[in-house]
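# Architecture at a glance
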Amino acid sequence: MKSVLSERKTLHPQNVERRELPAAAGQAVRELAREISTTLDATLGEADAARTLTHPALIEQIDARVAELPREVRQAVRPPATAHGATIVSRLPLTDTEFGPTPPSWREAARWSGEPATRANSFQFDLVMLLLARSAGEPFGWLGQQGGRLVNNIVPAAGHEHEQSGASSATLLSPHTEDAFHPERAHLLMLGCLRNPGLVGTTVSSVRRVELSAEQRGLLSTPVLPILPDVSYGDGHEKCSATPLPTLWSAAGPDEQTLRYDPAYTPLDDAAPEFRAAYARLTAELERVCVTAALAPGEVLLVDNDVAVHGRVPFTARYDGTDRWLKRVNIRLPERQRRAAEADENGYGQRIVAPFRSAGTLPIERGTHEWDVVPNDRGTLEHS
Ligand SMILES: [Fe+2]
């Protein structure tokens with residue numbers, strides 16, 4: 001029988017960057033979230049604040065108070081610093097009993113967190129995630145994803161076991177760039193673990209660890225194929241022109257290789273054999289360098305969405321209230337630049353919800369596009 005220590009060692013690859021929150025810093029985040037929750041409860045209805053987390057009073061509280069957090073919090077959530085493009089931040093204090101049962105769907109998770117009888121500390125942990133994400137950059141959501149909520153709940157949902165989405169379980173969630181099809185995709189992805197009893201692994205593969213020939217890099221750096229939206233974004237994107245994109249790109253020189261990769265939504269059959277071969281080589285290399293992190297409660301995974309792709313290993317969902325439960329936030333890093341050509345992409349009509357963005361964007365974008373896509377009943381791109 002393995003000792004507890006040896007089992008513990010298997011949770012994470014030894015070479016992935018780890019950062020520990022000092023105990024006082026972790027407590028400070030929890031305490032500030034509790035205070036903000038209390039303040040909002042006194043001024044708003046619970047359901048109102050929890051519904052999308054975009055209420056102006058909530059945004060104002062986060063922005064006004066995030067600077068109160070200890071410096072160590074901001075240091076812990078800065079972008080990953082190694083070639084792995086991922087960092088595990090640990091020691092966020094929490095207990096299994098404080099959140100209630102794992103909800104059966106993202107929709108129920110959002111509804112429960114708005115109701116005093118069922119919310120337990122789920123809403124408070126949404127605020128924890130927003131405080132951490134705001135310490136790193138600008139949290140944002142998608143109008144067509146989980147109802148525009150800024151903090152998404154990643155839970156397995158019955159009937160969705162085999163999808164390529166975060167609601168799935170029985171199938172491998174293939175490595176992908178989050179929202180690869182969109183020019184406003186996150187720079188940083190933050191996954192916070194509340195519960196993971198089966199030690200289900202999240203996979204991460206960095207483009208900075210792959211080996212490709214100069215010819216392969218050249219081919220993959222050429223805009224050949226588009227990346228289309230996940231089908232769960234609904235109909236309508238066919239009306240948009242599809243822009244060919246480079247799979248590999250670099251904004252800051254050859255040592256700063258970055259990628260935009262989602263083979264499930266890339267029409268590879270449309271490309272020449274040489275390109276397909278180079279793409280296949282990249283896929284094999286991403287598999288070779290893949291590391292698997294089994295997040296434990298209180299751990300937060302940061303993924304640099306320009307450097308690493310992520311996925312999830314298959315698992316058997318129990319649907320008994322004890323299943324894996326993650327919270328996810330998309331983060332924009334205002335200081336980070338991407339290719340200038342991305343500014344011309346249409347994003348297939350998908351709109352972000354960006355209440356923290358200070359300039360250049362409407363605070364909360366609503367359905368103003370002539371063919372705004374109506375979210376379906378399972379949310380969209382619920383990858384994790
Ligand atoms: Fe994902």
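Quick summary incoming for the structure in this document. Since we're looking at a predicted model, the values are computed, not measured.

### Notes on the coordination of the iron ion
Those donors, His176 (NE2), Glu178 (OE) and His310 (NE2), are the protein atoms that reach the iron ion, and they lie 2.0 to 2.2 Å from it. The sequence pattern formed by the donor residues of the iron ion is H-x1-E-x131-H.

### What about the nonpolar core?
Core analysis: the largest hydrophobic core is formed by 48 residues, its most contacted members being Leu58, Leu132 and Met190. Within the residue set of this core, elements represented by two or more residues are α2 (23-43), α3 (46-52), α4 (56-65), α5 (71-76), α7 (122-136), β6 (188-195), β11 (300-304) and β13 (325-332). Top contributing element to this core by residue count: α7, with ten residues. Those residues in contact with leucine 132 that lie beyond four places of it in its chain are Val29, Val73, Val77, Leu92, Met190 and Val300. Leu225, Tyr261, Phe275 and Tyr279 belong to the second largest nonpolar core, which has 16 residues in total.

### Let's talk about the pattern of salt bridges
For the structure on display, the rule yields 27 salt bridges. Residue arginine 18 pairs with glutamate 299 through a salt bridge whose shortest N-O separation is 3.2 Å. Pair noted here: arginine 18 is in strand β1 (residues 17-20) and glutamate 299 is in the loop between β10 (291-294) and β11, with a separation of 281 residues, a long-range link. Given a relative accessible area of 39%, arginine 18 falls into the partly exposed group. Judged by relative accessible area, glutamate 299 falls into the buried class, the value being 2%. Among the ionic pairs, aspartate 126 bridges to lysine 327, the shortest N-O distance being 2.7 Å. In this pair, aspartate 126 is assigned in helix α7 and lysine 327 in strand β13, connecting sequence segments 201 residues apart. Exposure remark for aspartate 126: the relative accessible area of 0% places this residue in the buried category. One salt-bridge network, in which partners are shared between bridges, spans Arg185, Arg260, Arg339, Glu342 and Glu345.

Conventions adopted
- Residues numbered from 1 in each chain as written.
- Predicted model: local features only at pLDDT ≥ 70, side-chain atom pairs only at ≥ 80, totals over all residues.
- Heavy atoms only, no water.
- Donors = N, O, S within 2.8 Å, 3.2 Å for Na, K, Ca; no water.
- Core = buried A, V, L, I, M, F, W, Y, C linked by side-chain atoms within 4.5 Å.
- Buried < 20%, exposed > 50% of the residue type's maximum accessible area, 1.4 Å probe, protein only.
- Helix = DSSP H or I, 4+ residues; strand = E, 2+ residues; numbered from the N terminus.
- Contact = heavy atoms within 4.5 Å.
- Salt bridge = Lys/Arg side-chain N within 4 Å of Asp/Glu carboxyl O.

Purely spatial values, then, with no claim about function.
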